[in-house]
Amino acid sequence: MSKTKKTKNHKVPTAPSVEATSSVRVLVVFAILLLVVIFITAIITGKIQLGSGGKANTHEVSYQTTEILAGQTFDQKEDHYLVLFYNVNDDKESSMYQTLLSRYQNVDNALPYYLVNMGSEFNHIYRSKENKLDTNDPSELRIASSALVEIHNKEIVTTWAEDNIVEYFTNFGK
């Protein structure tokens, strides 16, 4: 009879492969670079301020609350207000109206006003070749160019076409 020698198969622990070690190093370097980019971006945007001595950033933030969508023309909380429809993306027109409105809001008895950016894609369904402002249904409103409407008790009571808007704001309160 022959004797067979039984040997046990033992697994010998081996060192991690070179490929695994190199992959881990690449991931660690990538993570560090990502953190550096995030940190630099935060400094540039002002989210982090270096050298502030532990003092919190206390500058005042104001929000634009007067811009509405054309479909919200009749949905404002006031009973009596103005809505100015114009293309905010037109620099010349935008600058002119912002100047007029800044003067207007300082006049006694000035009505609250809301702005509708007709250059916005959200308002594209209200753009037209001709104004249609003689409606109290927002879905029927159509604006060809700049227009100003006076709303009283959820109804349009007065309208001004593009040429008359400047005159209205210039002469208001005189």
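Residues numbered from 1 in each chain as written. Predicted model: local features only at pLDDT ≥ 70, side-chain atom pairs only at ≥ 80, totals over all residues. Heavy atoms only, no water.

### Let's talk about the packing of helix α2 (residues 91–104) against helix α3 (residues 162–171)
Contact pair α2 / α3: the axes reach a minimum separation of 9 Å and the direction vectors enclose 30°. As the angle between them shows, α2 and α3 are arranged roughly parallel. The interaxial crossing formed by α2 with α3 has left-handed handedness. When α2 is examined against α3, the residues Glu-93, Met-96, Tyr-97, Leu-100, Leu-101 and Tyr-104 are found in contact with a partner set consisting of Glu-162, Ile-165, Val-166, Tyr-168, Phe-169 and Thr-170. Split by residue class, the contact of α2 with α3 holds 9 nonpolar, 1 polar and 2 charged. (Axes fitted to C-alpha atoms, helices over the stretch in contact; angles between N-to-C directions. Helix = DSSP H or I, 4+ residues; strand = E, 2+ residues; numbered from the N terminus. Parallel < 35°, antiparallel > 145°, perpendicular 65-115°, else oblique. Left-handed = near helix turned anticlockwise from the far one by under 90°. Contact = heavy atoms within 4.5 Å. Nonpolar A, V, L, I, M, F, W, Y, C, P; charged D, E, K, R; others polar.)

### Brief notes about a nonpolar patch on the surface
Residues Val-24, Val-28, Ile-32, Val-36, Phe-39, Ile-40, Ile-44, Ile-48 and Leu-50 make up a contiguous nonpolar surface patch of roughly 830 Å² in combined accessible area. Looking at the element boundaries, Val-36 is found in helix α1 (residues 18–45). (Patch = residues over 30% accessible without salt bridge, like charges linked within 9 Å, V, L, I, M, F, W, Y side chains within 5 Å. Areas by Shrake-Rupley, 256 points an atom, 1.4 Å probe, with all protein chains shown as cover. Salt bridge = Lys/Arg side-chain N within 4 Å of Asp/Glu carboxyl O.)

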